[in-house]
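What follows is the residue order along each chain.
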Amino acid sequence: MAVLKVKFTKTKRDKLAQILWILNWVSVVSGIILFSLGLFLKIEIKKRNEVMAKGDINSVPNMLISVGVIACIINFLGGKICYDCSDANKFSRWKLVMLPYIVCTFCFTFCILVGALMCYTMRNELEESLYLGLRDAIKFYKDTDIPGRCFLKKTVDLLQIGFHCCGNNGFRDWFEIQWVSRRYLNMASKEVLDRLKSNVDGKFLVDGVPFSCCNPSSPRPCIQYQLTNNSAHYNYDFMTEELNIWVKGCREALLDYYTAIMRSIGVAALLIWLFELSVLIGVRYLQTAMKNVLLLGDLEGESDGWLLENSFVETAKYNINIIKNLGKANQISTVSGMNDPNIDVQNTDCCKTNVTTKSIPAAR
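Residues numbered from 1 in each chain as written. Predicted model: local features only at pLDDT ≥ 70, side-chain atom pairs only at ≥ 80, totals over all residues. Heavy atoms only, no water.

- The name recorded for the protein in an unreviewed UniProt entry is RDS2 protein, from Orthonyx spaldingii.
- On record in UniProt, under Subcellular location (unreviewed entry), the comment for the protein is "Membrane".
- Quoted verbatim from the Sequence similarities (unreviewed entry) field of the UniProt record, the comment on the protein reads "Belongs to the PRPH2/ROM1 family." (UniProt positions renumbered as here; feature names shortened; annotations may be inferred.)

1. Describing the packing of aromatic side chains
Right, so step 1: Under the criterion given, the structure shown has nine aromatic pairs.
Right, so step 2: A ring pair is formed by Phe171 and Phe175, whose centres lie 5.9 Å apart and whose planes are at 75°; its orientation type is edge-to-face.
Right, so step 3: Residue classification places Phe175 among the buried residues on the basis of a relative accessible area of 16%.
Right, so step 4: A centroid spacing of 6.1 Å and a plane angle of 75° characterise the contact between Trp174 and Trp179, whose relative ring orientation is edge-to-face.
Right, so step 5: Trp174 gets classed as buried once you look at its relative accessible area, which sits at 0%.
Right, so step 6: Judged by its relative accessible area of 8%, Trp179 is buried.
Right, so step 7: Members of the aromatic cluster, connected to one another through ring pairs, are Tyr141, Trp174, Trp179 and Tyr225.
Right, so step 8: One residue, Arg149, lies across the ring of Phe140, its end atom 3.8 Å from the ring centre. (Phe/Tyr/Trp six-rings, centres within 6.5 Å; stacked < 30°, edge-to-face > 60°. Buried < 20%, exposed > 50% of the residue type's maximum accessible area, 1.4 Å probe, protein only. Lys NZ or Arg CZ within 6 Å of the ring centre and 35° of its normal.)

2. Digging into the UniProt feature "transmembrane region" (unreviewed entry) in the protein
Right, so step 1: Residues given the UniProt feature "transmembrane region" (unreviewed entry) here are residues 20-40, 60-78, 98-120 and 265-286.
Right, so step 2: Regarding residues 60-78, the helix share stands at 100% and the strand share at 0%, and the terminal C-alpha atoms are separated by 26 Å.
Right, so step 3: Overall, residues 98-120 shows 100% helix and 0% strand. The separation of its end C-alpha atoms is 34 Å. (Helix = DSSP H or I, 4+ residues; strand = E, 2+ residues; numbered from the N terminus.)

3. Regarding a nonpolar patch on the surface
Right, so step 1: The grouping of Trp21, Ile22, Trp25, Val26, Phe76 and Tyr83 at the surface amounts to a nonpolar patch, some 610 Å² of accessible area in total.
Right, so step 2: The set of elements that each furnish at least two residues to the nonpolar patch consists of α1 (10-47) and α2 (59-84).
Right, so step 3: Here Val26 lies in helix α1.
Right, so step 4: Assessed through its relative accessible area of 40%, Val26 is described here as partly exposed. (Patch = residues over 30% accessible without salt bridge, like charges linked within 9 Å, V, L, I, M, F, W, Y side chains within 5 Å. Areas by Shrake-Rupley, 256 points an atom, 1.4 Å probe, with all protein chains shown as cover. Salt bridge = Lys/Arg side-chain N within 4 Å of Asp/Glu carboxyl O.)

4. Let's talk about the state of the cysteines
The bond known as a disulfide is covalent and runs between the sulfur atoms of two cysteines.
Right, so step 1: Summed over all chains, the structure comprises three disulfides.
Right, so step 2: There is a disulfide in this structure between Cys166 and Cys213, and the S-S distance comes to 2.1 Å. Handedness here is read from the sign of the S-S torsion; for Cys166 and Cys213, about 85°, the answer is right-handed. One end of the pair, Cys166, is in the loop between α5 (152-163) and α6 (190-197); the other, Cys213, is in the loop between α6 and α7 (250-296), and 47 residues separate them in sequence.
Right, so step 3: Across the disulfide from Cys214 sits Cys222; the S-S distance is 1.8 Å. Its torsion about the S-S bond being -75°, the disulfide of Cys214 and Cys222 is classed as left-handed.
Right, so step 4: Judged by its relative accessible area of 32%, Cys222 is partly exposed.
Right, so step 5: The cystine pairing of the protein, numbering bonded cysteines in sequence order, is 1-6, 2-3, 4-5. (Disulfide = S-S within 2.5 Å.)

5. Observations regarding the environment of Val267
Right, so step 1: Here Val267 shows up in helix α7.
Right, so step 2: By relative accessible area, which is 44% here, Val267 ends up partly exposed.

6. What about unusual backbone geometry?
Right, so step 1: Phi is positive for His164, which is not a glycine, with a value near 55°.
Right, so step 2: Tracing the chain through its elements places His164 in the loop between α5 and α6.
Right, so step 3: According to the relative accessible area criterion, His164 is partly exposed, its value standing at 43%.
Right, so step 4: The phi dihedral of Gln226 falls on the positive side, at around 50°, and the residue is not glycine.
Right, so step 5: Looking at the secondary structure, you find Gln226 in the loop between α6 and α7.
Right, so step 6: With relative accessibility at 34%, the residue Gln226 sits in the partly exposed group.

7. Quick look at the side chain of Asn244
Right, so step 1: Following the sequence through the fold, Asn244 ends up in the loop between α6 and α7.
Right, so step 2: A residue is classified by how much of its surface remains accessible, and Asn244, at 5% relative accessible area, is buried.
Right, so step 3: At 3.4 Å, the side chain of Asn244 and the backbone oxygen of Arg220 are in polar contact.
Right, so step 4: With residues near it in sequence (within four places) discarded, Asn244 still touches Cys213, Cys214, Asn215, Ser218, Arg220, Pro221, Cys222 and Ile223. (Polar contact = N/O pair within 3.5 Å; in protein donor to acceptor, adjacent residues only side chain to side chain. Contact = heavy atoms within 4.5 Å.)

What follows is the structure, given as structure tokens:
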């Protein structure tokens, strides 16, 4: 029994074809939107590429860009097909193309859904990439005279100023690394030498942060050094939340920023998926209705359209059997109990006769 069968008159078929023609052109625009969203996300990720570790974080924008391009191509072809389907004579040349087109469109529509869901599942990969990338960027913050790393100080400073953040997980990350280059240390100072000798690695560690961690909205001048020493500053308590530096870590700030972008893109992709799915359903109704018109032979009469010719279970079994029989085209068919004529043929001894042979008398 057909699933969701609908009866169409010629007028309804013509209107459906015209509506689908318009919707396919709207779908071309939606493909451009998907492409633009993927390109925007790729550019935003590339802007902070220096503070991100290499990984699969570009899979989502690449997916959206690819799906957007395919959407423009498929929907452009779909508009042409739907426009010609208003005429039964023109439909005949698309008759063999319609079903493969619907299958390809279904797969493409499924890819849109996958891309939308990936926008919500990318958070863990992005968080790990940011953690590793920011850790290395902060580690090489002091290497302003080393090729390949000299840009990291500017990158980290602009990042902390722009996103109101400090460090990877927080401002205390700067306490664990040497972020002041040795070229700016007074090696004749006893205090500097004592700090270098105070740890095994010989690093110059201080309880201070770079200037980019300062909060310009604070009424108090920025306290960058001796952050944990209350006696070094008047009316100061580092345990309070009233520090005049940014408390939030840059990993959390960037993660929130990209998560908000991907959620917005995910919502847009889901809406486009629902729209494309509705267009695909309409094209399926048009294809089955026009096919049945040609079978009936009455181009002006009524015809039935449906989503599936048989029930979901029967359709699933039919497709599973097709998949199972792939690669068996060269095997012997035993459908309907028909045996191959060359198998199990009984031996009729056609080359043997029961005629008794007589010996030829010898010549005397």
